[in-house]
Amino acid sequence: MADAAVQETTTGKSMVIDRAVTARLARDHQRTKEPGLWAAGIALFLLLGVGMFALNGNFRSLVIAGFWAVILVIALFSVRRMGSQKLTRVIEGIYPHGDRLTVAATDAGLTVTTSATSLTVAASAIWRVSTAPNSVMVRITGLTGPAIIVPRELLDDADVSRLRAAAPRIRRP
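Residues numbered from 1 in each chain as written. Predicted model: local features only at pLDDT ≥ 70, side-chain atom pairs only at ≥ 80, totals over all residues. Heavy atoms only, no water.

(A) The arrangement of the overall build of the chain in detail. For the chain, the count of helices and strands is four helices and eight strands. The C-alpha atoms of the chain give a radius of gyration of 21 Å, which is well past the 16 Å a tight globule of 173 residues would have. In terms of overall dimensions, the chain has C-alpha extents of about 70 × 45 × 25 Å along its principal axes. Burial status across the chain gives 37% buried among its 173 residues. Intrachain contacts of the chain at a sequence separation of at least 6 include 55% that bridge at least 24 residues. Carbon and sulfur atoms provide 63% of the accessible area of the chain, an area that totals close to 10,200 Å². (Helix = DSSP H or I, 4+ residues; strand = E, 2+ residues; numbered from the N terminus. Rg over C-alpha atoms; globule rule 2.2 N^0.38 Å. Buried < 20%, exposed > 50% of the residue type's maximum accessible area, 1.4 Å probe, protein only. Contact = heavy atoms within 4.5 Å. Areas by Shrake-Rupley, 256 points an atom, 1.4 Å probe, with all protein chains shown as cover.)

Okay, here's the thing in structure tokens:
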């Protein structure tokens, strides 16, 4: 799965970040955004194609809708590609290539350390922990997106379970 070797240290698990890791992290985060785009695109296609055909019963309406569907698919793939490139640059800024990333998950929270910075997120601030094939995304109360994206190699299932158990549950009236 990963080219970089994961090492156990006294402060947690660590690995050296390479280009493949940042690309995988960006791809995982981008996949969380796609279902809404595709649902909107399909709804627009159905509205255009079926709606125009139902209004006038002309076969040309379906051909025109097919043309717009092709344009829509090209646009959605372009948006996905640009989004992945942007996310890759952001993640490269957080985790520079060649830098050592160390992650420690405890009952108190999550600590992420690089050569430039050290970030500790208290368990009481964690809203949700979600996993993807190559990453673990930690969301904090009040933020719409993930606060931290960590390579999956650095957090095993026990660490993810520990973070989920330590995070307080939001109670809605």
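(B) Examining the layout of surface pockets more closely. Each pocket or cavity is described by its volume, and for the largest pocket that value is around 280 Å³. Per element, the largest residue contribution to the lining of the largest pocket is four residues, and it comes from helix 3 (residues 59–94). Partitioning the lining of the largest pocket into residue classes produces eleven nonpolar, four polar and no charged. Empty space within the second largest pocket amounts to approximately 210 Å³. For the second largest pocket, the full set of lining residues is Ala-23, Ala-26, Arg-27, Phe-77, Arg-80, Arg-81, Ser-84, Gln-85, Thr-88 and Arg-89. Those elements giving two or more residues to the lining of the second largest pocket turn out to be helix 1 (19–31) and helix 3. Ranked by residues supplied to the lining of the second largest pocket, first place goes to helix 3 with seven residues. (1 Å grid on protein atoms, 1.4 Å probe; cavity = no way out; pocket = protein on both sides within 12 Å on 5 of 7 lines; lining within 4 Å. Points joined across faces, edges and corners; volume = space filled by probe spheres on them. Nonpolar A, V, L, I, M, F, W, Y, C, P; charged D, E, K, R; others polar.)

(C) Fine view of the pattern of salt bridges. The final tally for this structure, using the stated rule, is five salt bridges. For Arg-162, the salt bridge is made with Asp-159, and the minimal N-O distance between the two is 2.9 Å. Taken together, the residues Arg-162 and Asp-159, both in helix 4 (residues 157–166) and three residues apart, mark about one turn of the helix. A relative accessible area of 12% means that Asp-159 is categorised as buried. Several salt bridges converge on common partners, so that one network encompasses Asp-107, Asp-159 and Arg-162. (Salt bridge = Lys/Arg side-chain N within 4 Å of Asp/Glu carboxyl O.)

(D) Just the nonpolar core, in detail. Grouped together as the largest cluster of nonpolar side chains are 29 residues, with contacts concentrated most on Tyr-95, Val-103, Leu-110, Val-112, Ile-148, Val-150 and Leu-155. Of all the secondary structure elements, the ones that give two or more residues to this core are helix 1, helix 3, strand 3 (100–106), strand 4 (109–113), strand 6 (126–131), strand 7 (135–140), strand 8 (148–151) and helix 4. Top element by residues in this core is strand 7. It accounts for four residues. (Core = buried A, V, L, I, M, F, W, Y, C linked by side-chain atoms within 4.5 Å.)

(E) Up close: the pairing of strand 5 (residues 118–122). Bridge count between strand 4 and strand 5: five bridges; the pairing is antiparallel. Note on strand 5: the bridge partner recorded for Val-112 is Leu-119. In sequence, strand 4 turns back onto strand 5 through a hairpin of four residues. (Pairing = 2+ DSSP bridges.)

No statement about biological role is implied by the geometric values presented.
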